[in-house]
Amino acid sequence: MGADHTPKIVGTVWGLLVLNTLGSAGAKTIIPLPRSLIQMVTMGALVAAFALALAVNLRLRIRASSFVFLLTLLLVESVISSANLESGFGALFRCFRLALFVGTLWLLSRWWNGGLTFVRYHIRMYFAVLGSVATGLVVSPGAALPDLYGGRLVGALWPLTPPQIGQYAAVIIGLTVLLVLGRRTDKASAVVVIVPSFVLLALTHTRTATLGLFIGLALAIGSLILTSAAARRFFTWAVLCAVVAAVGFASALQAWFLRGQSKENFSNLTGRAKVWDALLAAPRSTSEQLFGVGLGDKSFGGLPIDNSWLAVYNEQGLIGVTLVAAVIIVLGGVALLRPPSLQRACAIFLISYCAIASYTEAGLGDASPYLLHLALAASLLAAPAPAAPLSTPEVPRRHIPRWAQRSEVT
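Now for a description of the structure that goes with this document. If you're wondering where the values come from, they're calculated on a predicted model, not measured in any experiment. (Residues numbered from 1 in each chain as written. Predicted model: local features only at pLDDT ≥ 70, side-chain atom pairs only at ≥ 80, totals over all residues. Heavy atoms only, no water.)

## Observations concerning the overall build of the chain
In plain terms, the rule: What counts as a helix is a DSSP run of H or I of at least four residues, what counts as a strand is a run of E of at least two, and both are numbered from the N terminus. Only protein chains enter the accessibility calculation, which uses a 1.4 Å probe; a residue is then buried when its area is under 20% of its type maximum, exposed when over 50%, and partly exposed in between. The contact rule is simple, with two residues in contact once any of their heavy atoms fall within 4.5 Å. Per-residue and other accessible areas were derived by the Shrake-Rupley procedure at a 1.4 Å probe size, with only the shown protein chains allowed to occlude residues.
Broken down by element type, the chain carries 18 helices and two strands. When the 410 residues of the chain are sorted by exposure, 46% land in the buried category. Residue pairs at least 24 apart in sequence account for 76% of intrachain contacts in the chain once pairs closer than 6 positions are excluded. As displayed, the chain offers around 20300 Å² of accessible surface, 68% of which is attributable to carbon and sulfur atoms.

## Focus on the environment of Ile 123
Along the chain, the position of Ile 123 falls in helix α5 (residues 117–139). Note on Ile 123: relative accessible area 9%, which makes it buried. Sequence-wise, Ile 123 and Tyr 168 are 45 residues apart; in three dimensions their C-alpha atoms are separated by 9.0 Å. Other than its neighbours up to four places away in sequence, Ile 123 contacts Ile 172, Leu 175, Thr 176, Leu 179 and Val 193.

## Examining the packing of helix α7 (residues 162–181) against helix α9 (residues 207–222)
Between two packed helices, both the angle of their axes relative to each other and the distance between the axes serve to describe the pair. Quick note on the threshold: Here an axis means a line fitted to C-alpha atoms, over the contact stretch when the element is a helix, while the angle between two N-to-C directions is reported on a 0 to 180 degree scale. Under this scheme an angle from 65 to 115 degrees is roughly perpendicular, one under 35 degrees roughly parallel, and one over 145 degrees roughly antiparallel; angles in between are oblique. Crossing chirality is assigned from the near helix's rotation relative to the far helix, an anticlockwise turn below a right angle marking it left-handed and a clockwise turn marking it right-handed. Side-chain classes are defined by residue name, with Ala, Val, Leu, Ile, Met, Phe, Trp, Tyr, Cys and Pro counting as nonpolar, Asp, Glu, Lys and Arg as charged, and the others, Gly among them, as polar.
It is at 9 Å that the axes of α7 and α9 come closest, and there the two elements cross at 20°. With respect to each other, α7 and α9 are oriented roughly parallel. α9 is crossed by α7, and the crossing has right-handed handedness. Judged by residue contacts, Gly 166, Gln 167, Ala 170, Ile 173, Gly 174, Val 177, Leu 178 and Leu 181 of α7 engage Ala 209, Leu 213, Leu 217, Ala 220 and Ile 221 from α9. By residue class, the composition of the contact of α7 with α9 is ten nonpolar, three polar and no charged.

## A word on helix α8 (residues 187–204)
Rule in force here: One fewer than the residue count of a helix, multiplied by 1.5 Å, yields its expected span. Picture the helix axis, draw a direction to every C-beta atom, and the arc is the one those directions span. Polar contact is the term for a pair of N or O atoms within 3.5 Å; when the atoms are in protein, one must be able to donate a hydrogen and the other to accept it, and sequence-neighboring residues count only if both atoms are side-chain atoms.
If you check α8, its first and last C-alpha atoms are 25 Å apart, about what 18 residues at 1.5 Å a residue would give, namely 26 Å. Within α8 the residues assigned to the buried category are Ala 190, Val 193, Ser 197, Leu 200, Leu 201 and Thr 204. Angular distribution of buried residues about the axis of α8 spans 125°; they occupy a single face of the element. Of the exposed residues in α8, those oriented more than 90 degrees away from the buried face are Lys 187, Ala 188 and Val 192. Two to three positions downstream of the cap, the backbone nitrogen of Ala 188 sits 3.3 Å from a side-chain oxygen, assigning the N-cap of α8 to Asp 186.

## With respect to a positive patch on the surface
Applied cut-off: Like-charged residues within 9 Å of one another, or nonpolar side chains (Val, Leu, Ile, Met, Phe, Trp, Tyr) within 5 Å, are grouped into patches, provided each residue has over 30% relative accessible area and no salt bridge. Between Lys or Arg on one side and Asp or Glu on the other, a salt bridge is scored when a side-chain nitrogen of the former is within 4 Å of a carboxyl oxygen of the latter. When charges are counted, neither His nor the chain ends are considered; positive counts come from Lys and Arg and negative counts from Asp and Glu. To locate a charge, take NZ of a lysine, CZ of an arginine, CG of an aspartate or CD of a glutamate.
Together, Arg 183, Lys 187, Arg 232 and Arg 233 make up a region of like positive charge exposed at the surface. On the secondary structure map, Arg 183 appears in the loop between α7 and α8.

## Focus on a nonpolar patch on the surface
A surface patch of nonpolar side chains, amounting to about 810 Å² of accessible area, comprises Ile 30, Ile 31, Leu 33, Leu 37, Met 40, Val 41, Val 138, Val 139 and Leu 157. At the level of secondary structure, the elements contributing two or more residues to the nonpolar patch comprise α2 (35–56) and α5. Broken down by element, the nonpolar patch gets its largest block of residues, three residues, from α2. Its location among the elements puts Val 41 in helix α2.

## Looking at the packing of aromatic side chains
How two aromatic rings sit relative to each other is given by the distance of their centres and the angle of their planes. We count it as follows: Any two of the Phe, Tyr and Trp rings considered here, Trp counted by its six-membered ring, make a pair once their centres fall within 6.5 Å; the pair's planes then place it as stacked at under 30 degrees, edge-to-face at over 60, or tilted in between.
Tallied over the entire structure, the rule returns five aromatic pairs. With 5.5 Å between their ring centres and 85° between their planes, Phe 118 and Tyr 121 make a pair best called edge-to-face. Highlighted residues: Phe 118 and Tyr 121, both in helix α5, separated by three residues, approximately one helical turn. One exposure class covers both Phe 118 and Tyr 121, and it is buried. Taking the centre distance of 5.4 Å and the plane angle of 65° together, the rings of Trp 276 and Tyr 359 count as edge-to-face. Highlighted residues: Trp 276 in helix α13 (residues 272–281) and Tyr 359 in the loop between α16 (342–357) and α17 (369–381), separated in sequence by 83 residues. Taking the relative accessible area as the measure of exposure, Tyr 359 reaches 46% and is therefore partly exposed.

Here's what the structure looks like:
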């Protein structure tokens, strides 16, 4: 089924999935929003997404997808690890949320055909989210750049943290650049998306998102160099600009990168390393090592883990880590086996970005923007659905009278 035949309601479903994965924890907003209200909105968005996806796909037509199949196995493993309620009843609720998320992806897989339709959904929705961040910055600069976060940009209308905003900005910048190189969008529209998104990314001072953007784009554009003159020109100019920036603005870039931190604080990744060491040193039973303690809030000892692999190990054990690694390996392997194309380049960007961000951000083991990015990559790597054969209309047989038949014989 071609991208042009994708029902518009599918875009609404994708937008609701984005809304669900925005989360409910973050900075203080201009108008205080109770966390219970935010959770009601995000969870309601997921329920609505599943209901709409089911309504538009009542015949339950799905496409084979190793990505969603592995997520289904991860869901089963999460239910097993959460069943003993070591992490409380909240673990079962998170399993239910993950089940709705995975179920919605199964229903949407019918329209995964290697087209760019879902890329446009992705860019539009996250650009709308960044629009709310920009509006909050204009309305209340103090609330959007609070001292609590060291003057880094946060969501003043919806509680979003600097890493979240940086992630959304980096992803849509990368995808838009690739669409321009593939001549799937005009330069004016691209500038409208890229320039303000880059400004917001710079204001977040998010190092992971920035590195993920540049490394992911380098890998994606590198996959197009042999087949695209535009990619070769862009890559050459990008390298020249990077060299000039590194030489002329070295001190400013270093100051932005360090964010006023000491070298010691920077070396232990803003305190993350201490949490990681404590998590790995904590005693665990064989069951906890294999299956984890159940889905939680991605924290250990009251502190955020901020590492997808260690968060999965803590909550879903070594089996969960194996399944998540299989997701990355399968998607990456399929991308490498595909012939050069814009879709392949977009998928490589998303996969590499998520792999890089997984070192300092959690989310690969639960319903999150990272799984949504990887789902988009899976849709781009899906083989086009075979076209239905054109059926030749049956010509009704004409009745021939008997006297005419006898005359033909004679």
